[in-house]
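Single-letter residue listing:
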Amino acid sequence: MNPLLYGLLVTLFGIVIVFLVLVALWGILAMMKSFFGEKGNKTANQNVIKNEPAPAAVAVAKAEPQDAEDDELIAVIMAAISASLGSQSNLVIKKITRVGDSTPIWGQIGRHEQMLNRL
Amino acid sequence: MSFILEELVKLYQSTGFAVITWQQTVMLVVSCILLYLALKKGFEPLLLIPIAFGMLLANLPAAGLMNGPTYEVVDGISKMKDPGGLLHWLYQGVKLGIYPPLIFFGVGAMTDFGPLIANPKSILLGAAAQLGIFTTFIGALLLDKLPGISFTLQEAGSIGIIGGADGPTAIFLTTKLAPHLIGPIAVAAYSYMALVPLIQPPIMKALTTKKEREVVMEQLRHVSKTEKIIFPILVTLVVSLVLPSAAILVGMLMFGNLIREAVDLQSVMNRLSKTAQNELTNIVVIFLGTAVGATANGELFLQVKTLAIICLGLIAFSMGTAGGVIFGKIMYKLSGGKVNPLIGSAGVSAVPMAARVSQKVGQEANPSNYLLMHAMGPNVAGVIGSAVAAGVLLSMLG
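The sections below set out a description of the structure shown in this document. (Residues numbered from 1 in each chain as written. Chains lettered and ligands numbered in written order. Predicted model: local features only at pLDDT ≥ 70, side-chain atom pairs only at ≥ 80, totals over all residues. Heavy atoms only, no water.)

Looking now at the overall build of chain A. Across its full length, chain A holds four helices and zero strands. Listing the helices and strands of chain A from first to last along the sequence gives α-α-α-α. Scored against the burial criterion, the 119 residues of chain A give a buried share of 18%. In chain A, once contacts between residues fewer than 6 apart in sequence are set aside, the share between residues at least 24 apart is 57%. (Helix = DSSP H or I, 4+ residues; strand = E, 2+ residues; numbered from the N terminus. Buried < 20%, exposed > 50% of the residue type's maximum accessible area, 1.4 Å probe, protein only. Contact = heavy atoms within 4.5 Å.)

The following block contains the structure:
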């Protein structure tokens, strides 16, 4: 067969197969969601709320303007708050203030170890 | 007096200067330029430095680092006379297709498929961005019309795969289809991956309106641990059953990912997960980079074909980006404006650079928009997509 013609055939087959395989994966993911999705969602959120020390959340909510415009830090804080609240509604952060850490050094080390164990 | 002169001549003849060819000289300069780009400009230093130094080592005259072993027959028995150069042996990992799947194993262990599981329709963007592979494949075949350049079907397939923006996949497929082109293809693939932040934004902006770029997407749902564990197993089964030739790449990617996700169930798996993510991948990157660089032999590399491959590689990247963005626009229309088409460009693999580019361009249009996690979905889907595309090319052209 003419190489160009065969090339066109390979292209056609290639695009169709790539789409078919990924559409099949899409279907499987959608099915997986209905089997394992929601149940896991609720328990996970409850765990997060239980583990969250309450004063930390309050401290973040209280506010004073912060001078540095650190987009990444804001994104992380926003993600942490929305994960711990577990709400679907849109969250608006108006101010973020750094509060002094009153945890003793041994407490900090303990917390650090806890986090490392979960990595 | 003449004795001293003779000795000096002998000394000169034993140095590299006496036997260096012009091609080797050019390649040494090229490797120094690549080293400069990697060290000073920060172009993919993790990969470009091993590649560039491998290139430098392999083009040293008379050092023979890339030479294979030589044998001699003594009393009817074949004995090894010279074991050959180190780079020759390191290259066997490339030639036999060992390193690329190991890199995929590490990539799997580093990748969180959560954004893809949370938003499964983004998987289609990972398929659309593979368009670049196939258009470039046809483009390479069409070059036949030009005098002096002609690519076989196998060579064209290997060039097209550059558009998958996935180094290990490109190397894997090229070693199977057109091993003599491994040098230029690997260099083109990795150079363009480093240039993703320069290549993609103009295409993305040209194909979308400001209104489309400003779309803020809904927050992704939470993905349960069970889903994350089942995902790699299911993907391996489905892809490998449909396309056995893609089994090795997708299988290793998913194996790495399973080890990553298994840590939550069995904390002892942390040891394997950490090794896969760090030490193993780092070691393989060093070997792979050096060995690939070493294939850029002056005589083979400095040809018109190499220039054509580098041009076609750029077309492949651009077409892949365009394919993803155009499909993103279709999804924008179909979803009633809920999908930001910019995440489509992340469908070319290049994890996570392509997703970062989507985030950056999105934020230029709307500073309060965070597209990164949404773009990670098509981004990791692109890795699966390009492995599948490589599987198709391998089974039809191999």
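This part is about the interface of chain A and chain B. In this complex, chain A contributes 32 residues to the contact, which on the side of chain B involves 45 residues. Both sides together, the interface formed by chain A and chain B hides about 3400 Å², and carbon and sulfur atoms give 82% of it. The three residues of chain A that bury the most area against chain B are Leu22, Leu29 and Met32 of chain A, which together make up 17% of that side's buried surface. Our count for the contact surface shared by chain A and chain B stands at zero salt bridges. (Buried area = accessible area lost by both parts, 1.4 Å probe. Salt bridge = Lys/Arg side-chain N within 4 Å of Asp/Glu carboxyl O.)

End to end, helix 18 (residues 304-334) of chain B covers 45 Å across 31 residues, agreeing with the expected 45 Å (1.5 Å per residue, within 8%). Backbone geometry just downstream of helix 18 of chain B places Gly336 of chain B in the positive-phi region, at approximately 70 degrees. (Expected span 1.5 Å × (residues − 1).)

Residues and elements named next belong to chain B. What the second largest pocket holds in volume is close to 830 Å³. Lining the second largest pocket are 31 residues, and of these Leu47, Val107, Met110, Val351 and Pro352 lie nearest its centre. Listed by contribution, the elements that provide at least two residues to the lining of the second largest pocket are helix 3 (45-58), helix 5 (99-110), helix 10 (167-177), helix 11 (182-194), helix 16 (270-294), helix 19 (353-365) and helix 20 (372-397). When residues in the lining of the second largest pocket are grouped by element, the largest group, five residues, is from helix 16. For the lining of the second largest pocket, a count of residues per class yields 22 nonpolar, five polar and four charged. (1 Å grid on protein atoms, 1.4 Å probe; cavity = no way out; pocket = protein on both sides within 12 Å on 5 of 7 lines; lining within 4 Å. Points joined across faces, edges and corners; volume = space filled by probe spheres on them. Nonpolar A, V, L, I, M, F, W, Y, C, P; charged D, E, K, R; others polar.)

Moving on: the packing of helix 8 (residues 131-142) of chain B against helix 20 of chain B. With their axes 10 Å apart at the nearest point, helix 8 of chain B and helix 20 of chain B run at an angle of 35 degrees to one another. Side by side, helix 8 of chain B and helix 20 of chain B meet where Ile133, Phe134 and Phe137 of chain B of the first sit next to Ser386, Ala389, Leu393 and Leu397 of chain B of the second. (Axes fitted to C-alpha atoms, helices over the stretch in contact; angles between N-to-C directions.)

As a further point, take the nonpolar core. Proteins that are soluble and globular tend to have nonpolar side chains buried together. Grouped together as the largest cluster of nonpolar side chains are 126 residues, with contacts concentrated most on Val94, Phe113, Leu116, Phe151, Phe231 and Ile384 of chain B. Broken down by element, this core gets its largest block of residues, 14 residues, from helix 20 of chain B. Residues within four places of Phe231 of chain B in sequence aside, it is in contact with Leu29 and Met32 of chain A together with Phe113, Leu116, Ile117, Met254, Asn257 and Ile384 of chain B. (Core = buried A, V, L, I, M, F, W, Y, C linked by side-chain atoms within 4.5 Å.)

This part takes up the packing of aromatic side chains. Residues and elements named next belong to chain B. Enumeration according to the criterion identifies six aromatic pairs over all chains in this entry. Considering the side-chain rings of Tyr99 and Phe287, the 6.2 Å spacing of their centres and the 50 degrees angle between planes classify their relative orientation as tilted. Of this pair, Tyr99 sits in helix 5 while Phe287 sits in helix 16, and the two are 188 residues apart along the sequence. The class of Tyr99 is buried, set by a relative accessible area of 8%. Ring geometry for Tyr192 against Phe317: centres 5.7 Å apart, planes inclined by 50 degrees, an arrangement best described as tilted. With Tyr192 in helix 11 and Phe317 in helix 18, the pair connects residues that are 125 residues apart, well separated along the chain. (Phe/Tyr/Trp six-rings, centres within 6.5 Å; stacked < 30°, edge-to-face > 60°.)

So, about a nonpolar patch on the surface. Together, Met1, Phe3, Ile4, Leu5, Leu8 and Leu11 of chain B make up an exposed nonpolar region whose accessible area comes to about 750 Å². Judged by its relative accessible area of 55%, Leu11 of chain B falls in the exposed class. (Patch = residues over 30% accessible without salt bridge, like charges linked within 9 Å, V, L, I, M, F, W, Y side chains within 5 Å. Areas by Shrake-Rupley, 256 points an atom, 1.4 Å probe, with all protein chains shown as cover.)

Here we come to the environment of Ser240 of chain B. Residue and element names in this part refer to chain B. Inspection of the secondary structure assignment puts Ser240 in helix 14 (residues 225-242). Separated by 115 residues in the primary sequence, Ser240 and Ala355 have C-alpha atoms spaced 27 Å apart. Excluding anything up to four places from it in sequence, Ser240 contacts Val235 and Ala247. Here the side chain of Ser240 touches Thr236 through a polar contact of 2.5 Å, landing on its backbone oxygen. (Polar contact = N/O pair within 3.5 Å; in protein donor to acceptor, adjacent residues only side chain to side chain.)

Our focus in this paragraph is the pattern of salt bridges. Two side chains that carry opposite charge are able to pair once their charged atoms sit near each other. Residues and elements named next belong to chain B. Applying the stated rule across the entire model yields 12 salt bridges over all chains. Notably, a salt bridge pairs Lys228 with Asp112, separated by 3.3 Å at the nearest N-O pair. Of this pair, Lys228 sits in helix 14 while Asp112 sits in the loop between helix 5 and helix 6 (114-118), and the two are 116 residues apart along the sequence. Take Lys228: its relative accessible area is 16%, and that puts it in the buried class. A salt bridge links Glu155 to Lys305; its shortest N-O distance comes to 3.3 Å.

Residue and element names in this part refer to chain B. Positionally, Asn366 belongs in the loop between helix 19 and helix 20. Among the residues examined, Asn366 registers a relative accessible area of 15% and is labelled buried. Here Asn366 is in contact with Glu214 and Val216, once residues within four sequence places are set aside.

All names here are of chain B. In terms of burial, strand 2 (residues 77-82) is a largely surface element, zero of the six residues being buried. The pairing of strand 1 (residues 70-74) with strand 2 spans five bridges and is classified as antiparallel. The residue bridging Glu72 from the neighbouring strand is Lys79, located in strand 2. Two successive antiparallel strands, strand 1 and strand 2, enclose a turn made up of two residues, where Asp75 displays a positive phi of approximately 50 degrees. (Pairing = 2+ DSSP bridges.)

Moving on to empty space enclosed by the protein. In this structure the tally under the stated criterion is one cavity of 30 Å³ or more. A volume near 40 Å³ is recorded for the largest cavity. If you go around the largest cavity, the residues you meet are Ile15, Val18 and Phe19 of chain A together with Ala127, Ala128, Gln130, Leu131 and Phe134 of chain B. Of all the secondary structure elements, the ones that give two or more residues to the lining of the largest cavity are helix 1 (3-51) of chain A together with helix 7 (123-128) and helix 8 of chain B. Here the lining of the largest cavity takes three residues from helix 1 of chain A, the largest share from any one element. A breakdown of the residues in the lining of the largest cavity according to their chemical character gives seven nonpolar, one polar and no charged.

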